[in-house]
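Tertiary structure, described
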Amino acid sequence: MHEAVTITRQLVAIPSVNPMGKGLTGPQYTEKNMALYIQDFLAEVGISAELFGNDPERPDLVAFIDAGKSHTIMLEAHMDTVSEEQMTIAPFDPVIREGLLYGLGSCDTKASLATYLHAIKRIIQEGKLLQHNVVLAFVKDEEYSFSGARELVTRGIKADYAVVGEPTELNLIYAHKGLCRFFIHTDGLSCHSSMPWNGESAIYKMASILQGVEAYAKSLAQLTHPVLGQATASVGRITGGQTVNTVPALCSIELDNRLLPGMTLQDILNGLKPYLGDPSGYRIEEPYLLAMGVENARDAAHLKALVHACELEGIHPELQTAHYATDAAIYQEAGIPCVVFGPGSIAQAHTANEHIAISQIEKASDIIFRLLTT
């Protein structure tokens, strides 16, 4: 079996579920064991990697390989996964059937991570010369708030460009939407439900806010980008109330806004607030996630370099765009041009039977090998 596939299987077997802001803790809800595996793997081939970050139970990991070159490539992938709760397969038992590797994170995005590790190990074992300095960056919390990528930027990471690992079927994502998430709250007055006239329902007050958000979301159809289409907004979660026999004092909704390149938080608020009515009737929290849209010129040098590496391995990738957001948004805003690339299909990410073709893992590893040695 190709070693990149073996590494992917080992990574899938290590739970690293993102708690998604729900306060979940324990060995399943941490990237720490993933980071320690990677640190040990790199140490075995003579590369020192450092754990860092604000939360030692949810660290990031970075390694710098100095090849004495003036040009630096960052290879980045996130270590976290979404929840395993709705899966129809054993999430942490990486089984291979008919050329497919099954398991949580196999596609998104532990296979990308494995291709980096295998390519570096192969370069060292074969005595090949790196043609670029390399930053290996493995971060936490991409699935919820991109906090790992932000910690890396705050640390002062530098690179001429970055390859951000995501399932693209070996195509290149040169532009994708940004992302902004925040809560809107309505306040009421609690009382016993047998005498509702003594209170005020925060849930009822939220009804008009929801109608306003829906109208705002429809208005975004008028705001379009030549290749990314329209901006969008949706309510993904609503919470409110304490018990069925208590008039609720608080109701909250969580908004997911997909931004076009150039859109800002102020653009969102300026567009949204006119639909929400009296400003005294609601509260908008500061965003817990704000990432700008990504756009690169199709003929950018870093895209050409990766296309060339693909072609050396017999792959002729398409230049594509995406509606989703990635860590690339954080690095691009910090001045590091990014291309999103990796094995697997986004159609299999976050699914009940997540899987990836092992042939894509193998080919992606060969492409990264070519990128670093050409």
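Being a predicted model, the structure only gives us computed values, none of them experimental.

Tallying secondary structure elements over the protein gives nine helices and 19 strands in all. Compactness check: the protein gives a C-alpha radius of gyration of 22 Å against a globular reference of 21 Å for 374 residues, within 12% of the reference. Across its three principal directions, the C-alpha atoms of the protein cover 80 × 40 × 40 Å. Pairs at least 24 apart in sequence give 80% of the contacts found in the protein among residues at least 6 apart. Split by element, the accessible area of the protein, about 15900 Å² in all, is 51% carbon and sulfur. If the 26 positive side-chain charges of the protein are averaged to one point and the 43 negative ones to another, these points end up 2 Å apart.

This paragraph deals with the nonpolar core. Core analysis: the biggest nonpolar cluster contains 76 residues, and Leu42, Leu136, Phe138 and Ile184 have the highest contact counts within it. Tallying contributions element by element places helix α3 (residues 106-125) first for this core, with seven residues. Those residues in contact with leucine 136 that sit more than four places away from it in its chain are Leu42, Leu61, Val62, Ala63, Ile65, Leu75, Tyr116 and Ile120.

Taken as a whole, this structure holds 16 salt bridges when the rule is applied. Here aspartate 141 makes a salt bridge to arginine 58, at a shortest N to O gap of 4.0 Å. Separated by 83 residues along the polypeptide, aspartate 141 in the loop between β6 (133-139) and α4 (147-154) and arginine 58 in the loop between β1 (50-52) and β2 (60-65) bring together distant segments of the chain.

Among the residues of α4, Gly148, Ala149, Glu151 and Leu152 are the ones counted as buried. When α4 is viewed along its axis, its buried side chains cluster within an angular range of 160° and face the same direction. Packed against the buried residues of α4 are β1, β2, β3 (72-78), β6 and α8 (328-333). Just downstream of α4, glycine 156 is the residue with a positive phi angle, here 95°.

This part covers helix α5 (residues 202-219). Here α5 contains 18 residues, and its C-alpha end-to-end distance of 26 Å stays within 8% of the 26 Å for a straight helix at 1.5 Å per residue. Listed as buried for α5 are Ala202, Met206, Ile209, Gly212, Val213, Tyr216, Ala217 and Ser219. Where α5 is buried, its residues contact β9 (178-187), β12 (232-240), β13 (250-259) and α6 (265-272). Two or three places before isoleucine 203, at the start of α5, stands the capping residue serine 201, its side-chain oxygen 3.2 Å from that residue's backbone nitrogen.

Where helix α2 (residues 32-44) meets α3, the closest approach of the two axes is 11 Å, and the angle between their N-to-C directions is 15°. Viewed along their axes, α2 and α3 adopt a mutual orientation that is roughly parallel. Here α2 runs over α3; the crossing is right-handed. Along its contact with α2, which presents Met34, Tyr37, Ile38, Phe41 and Leu42, the element α3 presents Lys110, Leu113, Leu117 and Lys121. Broken down by class, the residue content of the contact of α2 with α3 amounts to seven nonpolar, no polar and two charged.

Taken in spatial order, the three strands line up as β4-β5-β19 in an open sheet, and their pairing is antiparallel. What marks the edges here is a single partner per strand, and that holds for β4 (96-97) and β19 (355-357). With two bridges joining them, β4 and strand β5 (residues 100-102) adopt antiparallel strand pairing. Considered in β5, the bridge of isoleucine 96 is made with leucine 101. α3 rests against β5 and β19 of the sheet, and its axis sits at about 50° to β19.

Take the environment of isoleucine 203 next. With respect to the helices and strands, isoleucine 203 occurs in helix α5. Counting along the chain gives 67 residues from isoleucine 203 to leucine 136, while the straight-line C-alpha distance between them is 47 Å. When residues no more than four places from it in sequence are discounted, the contact partners of isoleucine 203 are Gly240, Gly241, Pro248 and Cys251.

Counting buried positions along strand β7 (residues 161-165) gives five out of five residues, so the element sits mostly inside the fold. Of the two faces of β7, both are covered, the one formed by Tyr161, Val163 and Gly165 as well as the one formed by Ala162 and Val164. Pairing of β3 with β7 involves four bridges; the strand directions are parallel. Bridge pairing in β7 links isoleucine 73 to tyrosine 161. Here β7 pairs with strand β18 (residues 338-341) via four bridges, running parallel.

Our next topic: the packing of α3 against helix α9 (residues 358-373). Look at α3 against α9: their axes get within 8 Å of each other, and the N-to-C directions meet at 50°. Comparing the axis directions of α3 and α9 gives the class oblique. Where α3 crosses over α9, the handedness of that crossing is right-handed. Touching Ala111, Thr115, Tyr116, His118, Ala119, Ile120, Arg122 and Ile123 of α3 are Ile361, Ala364, Ser365, Asp366, Ile368, Phe369, Leu372 and Thr373, all from α9. A per-class count over the contact of α3 with α9 returns 10 nonpolar, four polar and two charged.

Calculation notes
Residues numbered from 1 in each chain as written. Predicted model: local features only at pLDDT ≥ 70, side-chain atom pairs only at ≥ 80, totals over all residues. Heavy atoms only, no water. Helix = DSSP H or I, 4+ residues; strand = E, 2+ residues; numbered from the N terminus. Rg over C-alpha atoms; globule rule 2.2 N^0.38 Å. Contact = heavy atoms within 4.5 Å. Areas by Shrake-Rupley, 256 points an atom, 1.4 Å probe, with all protein chains shown as cover. Lys, Arg positive; Asp, Glu negative; His and termini not counted. Charge placed at Lys NZ, Arg CZ, Asp CG, Glu CD. Core = buried A, V, L, I, M, F, W, Y, C linked by side-chain atoms within 4.5 Å. Buried < 20%, exposed > 50% of the residue type's maximum accessible area, 1.4 Å probe, protein only. Salt bridge = Lys/Arg side-chain N within 4 Å of Asp/Glu carboxyl O. Arc of directions from axis to C-beta. Expected span 1.5 Å × (residues − 1). Polar contact = N/O pair within 3.5 Å; in protein donor to acceptor, adjacent residues only side chain to side chain. Axes fitted to C-alpha atoms, helices over the stretch in contact; angles between N-to-C directions. Parallel < 35°, antiparallel > 145°, perpendicular 65-115°, else oblique. Left-handed = near helix turned anticlockwise from the far one by under 90°. Nonpolar A, V, L, I, M, F, W, Y, C, P; charged D, E, K, R; others polar. Pairing = 2+ DSSP bridges.

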